[in-house]
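Chains, contacts and geometry: an overview
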Amino acid sequence: MKEIIAIIGGGIAGMEAAAQLLKFGHAPIIIEKGERLGGHVARWNRLFPDLTPAGELIERLTEACKEASIFLNTEVSLVNRLRDGYNIVLSNGITISTKYILMTTGFKMFEASKKEEYGYGIYNNVVTNSDLENWFNGNRDERIDSSSMKTIGFVHCVGSRDEKAGNGQCSKVCCITAIKQAIELKEMYPDAQIYCFYMDLRLFGKKFEDFYTKAQRDHGIHFIRGRVSEVSENIDGKLIVKAEDTLLGKPLKVTLDLLVLMSGMTCNPDSSRLASMISLPTDSDRFLKSEDNITHITSSPKKGVFYAGACTGPKTVPETLAEARSAALDIHFKIQES
């Protein structure tokens, strides 16, 4: 039986789910507020731990879901609960009637300017991980002076594991992203000294530890355990970073040409807005709350509403794609049962 499934969010989770639902013979509709599909991953340059070009994944997913109905530059204005389904009113005036909604609304990057002590938006040579990926993709950034890249620093856990910032959770991918970006910069500037300031290195994924070992052994990247306490600027426009090396038990001061802040994942305000329309619960971290965190991760407490990807919390790319496939299968089984 062919069913219409509304997929809210056109990132990699929404694209992969649409591709799978098409294989099952259904009619997925992707609703994406941006001007293109792919979400955050479409703005990334290469993916860890194999340094695979992100564009290759986006191209594959684009091809796989091209038969789906796709609305770009479109937001959900209203969701009405019906007796046996939902009416979804879009910002373009179209209304979709469906029994099944798949939320793939993803996450929002933490706003690094909220951590004033790191100088984002204050000093010229401070950027975020997202800014750096944009620069890797060939886009100009006046804050990054490619002629002066002798000393570079990375600050982990910016807006993550930080109660003062309102997010006590780990963003899961910041450590490995910092290592990836540090290696990329070292390949571009072999003589540069690169420092990673971290609280704890959380490298749980396949080949992540190998990647970390490679960063130290093959590229000479320095890992400093300890929080950065202050960032300032000297008369020459260089950044002065003060931190404490907690392994050596002594303070540290480094002069940098560039500082990269590893902004973490926070809940997408769009998720919260949509959740309020159909009374979906949110968790203590403000991400959408699954039916449970073990066996029903892609299910919501509401009939006909499913989740995939980072709308329920920080996820890696493989986890996001796996959840998208699982959610598509769950929806297909529900359709078969009805």
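Above this note sits the structure.
Computed from a prediction, not measured in an experiment: that's the story for all the values here.

Further remarks concern the overall build of the protein. Helix and strand counts for the protein come out as seven helices and 20 strands. Relative to the globule expectation of 20 Å for 338 residues, the C-alpha radius of gyration of the protein, 21 Å, shows essentially globular dimensions. Projected onto the principal axes, the alpha-carbon positions of the protein cover approximately 65 × 35 × 35 Å. Residues counted as buried form 53% of the 338 residues belonging to the protein. A separation threshold of at least 6 residues defines the contact pool for the protein, and within that pool the share at least 24 residues apart is 65%. Carbon together with sulfur atoms contributes 48% to the accessible area of the protein, which is approximately 15600 Å² in total. Placing the 41 positive and 43 negative side-chain charges of the protein at their respective mean positions leaves the two points 3 Å apart.

We now examine the side chain of H26. One can find H26 in the loop between α1 (12-23) and β2 (27-31). Within the structure, H26 has its side chain in polar contact with the backbone nitrogen of E3 (distance 3.3 Å).

Helix length check: helix α7 (residues 317-337) (21 residues) gives 30 Å between terminal C-alpha atoms against 30 Å at 1.5 Å per residue, within 8%. Here α7 has its buried residues at T320, L321, E323, A324, A327, A328, I331, H332 and I335. The inward-facing, buried residues of α7 contact β1 (4-8), α1, α2 (54-64), β9 (100-103) and β20 (305-307).

All right, on to the layout of surface pockets then. Looking at the largest pocket, its volume works out to about 920 Å³. In terms of lining, the largest pocket is formed by 50 residues, of which the most central are G39, H40, R43, G106 and F107. The set of elements that each furnish at least two residues to the lining of the largest pocket consists of α1, β10 (107-109), α4 (174-188), α6 (269-277) and α7. If one sorts the elements of the lining of the largest pocket by residue count, α6 sits on top with four residues.

Reading across from one edge, β11-β18-β12-β13-β14 is the order of the five strands in this open sheet, with parallel pairing throughout. A strand with exactly one partner marks an edge of an open sheet, and here the two such strands are β11 (126-128) and β14 (222-225). Geometrically, the sheet is characterised by an average inter-axis angle of 25° between neighbouring strands, direction not taken into account. As paired elements, strand β12 (residues 151-158) and strand β18 (residues 258-263) share five bridges and run parallel to each other. The residue of β18 that forms the bridge with V158 is S263. Seen against the sheet, helix α3 (residues 129-136) touches β11, β12 and β18 and runs at an angle of roughly 85° to β11. Relative to β12, α4 is tilted by about 170°, and along the sheet it contacts β12, β13 (193-198), β14 and β18.

In contact at an axis separation of 8 Å, α1 and α2 are set at 35° when each is read in the N-to-C sense. Pair α1 / α2 crosses with left-handed handedness. On the side of α1, the interface is formed by I12, M15, E16, A19 and L22, while α2 contributes L57, I58, R60, L61, T62 and A64. Across the contact of α1 with α2, the residue classes tally to eight nonpolar, one polar and two charged.

Further remarks concern the state of the cysteines. A disulfide bridge is the covalent bond that connects two cysteines by way of their sulfur atoms. A complete count under the given rule lists zero disulfides for this structure. The thiol of C311 is unpaired, and the distance to the nearest cysteine sulfur, on C267, comes to 11 Å. For C311, a relative accessible area of 1% gives the class buried.

We now examine the pattern of salt bridges. In the structure shown here, the tally under the stated rule is 22 salt bridges. Note that R273 is salt-bridged to E75, the shortest N-O span being 3.7 Å. One end of the pair, R273, is in helix α6; the other, E75, is in the loop between β5 (69-71) and β6 (76-82), with 198 residues separating them in the sequence. For E75, a relative accessible area of 38% puts it in the partly exposed group. A salt bridge links D131 to R143; the nearest nitrogen and oxygen atoms lie 3.3 Å apart. Of this pair, D131 sits in helix α3 while R143 is found in the loop between α3 and β12, placing the two residues twelve residues apart along the sequence. The exposure class of R143 is partly exposed, given its relative accessible area of 22%.

Inspection of the secondary structure assignment puts H156 in strand β12. If sequence neighbours within four positions are ignored, H156 has contacts with C175, A178, C196, F197, Y198, L201 and M262.

Thresholds, definitions, all that
Residues numbered from 1 in each chain as written. Predicted model: local features only at pLDDT ≥ 70, side-chain atom pairs only at ≥ 80, totals over all residues. Heavy atoms only, no water. Helix = DSSP H or I, 4+ residues; strand = E, 2+ residues; numbered from the N terminus. Rg over C-alpha atoms; globule rule 2.2 N^0.38 Å. Buried < 20%, exposed > 50% of the residue type's maximum accessible area, 1.4 Å probe, protein only. Contact = heavy atoms within 4.5 Å. Areas by Shrake-Rupley, 256 points an atom, 1.4 Å probe, with all protein chains shown as cover. Lys, Arg positive; Asp, Glu negative; His and termini not counted. Charge placed at Lys NZ, Arg CZ, Asp CG, Glu CD. Polar contact = N/O pair within 3.5 Å; in protein donor to acceptor, adjacent residues only side chain to side chain. Expected span 1.5 Å × (residues − 1). 1 Å grid on protein atoms, 1.4 Å probe; cavity = no way out; pocket = protein on both sides within 12 Å on 5 of 7 lines; lining within 4 Å. Points joined across faces, edges and corners; volume = space filled by probe spheres on them. Pairing = 2+ DSSP bridges. Axes fitted to C-alpha atoms, helices over the stretch in contact; angles between N-to-C directions. Left-handed = near helix turned anticlockwise from the far one by under 90°. Nonpolar A, V, L, I, M, F, W, Y, C, P; charged D, E, K, R; others polar. Disulfide = S-S within 2.5 Å. Salt bridge = Lys/Arg side-chain N within 4 Å of Asp/Glu carboxyl O.

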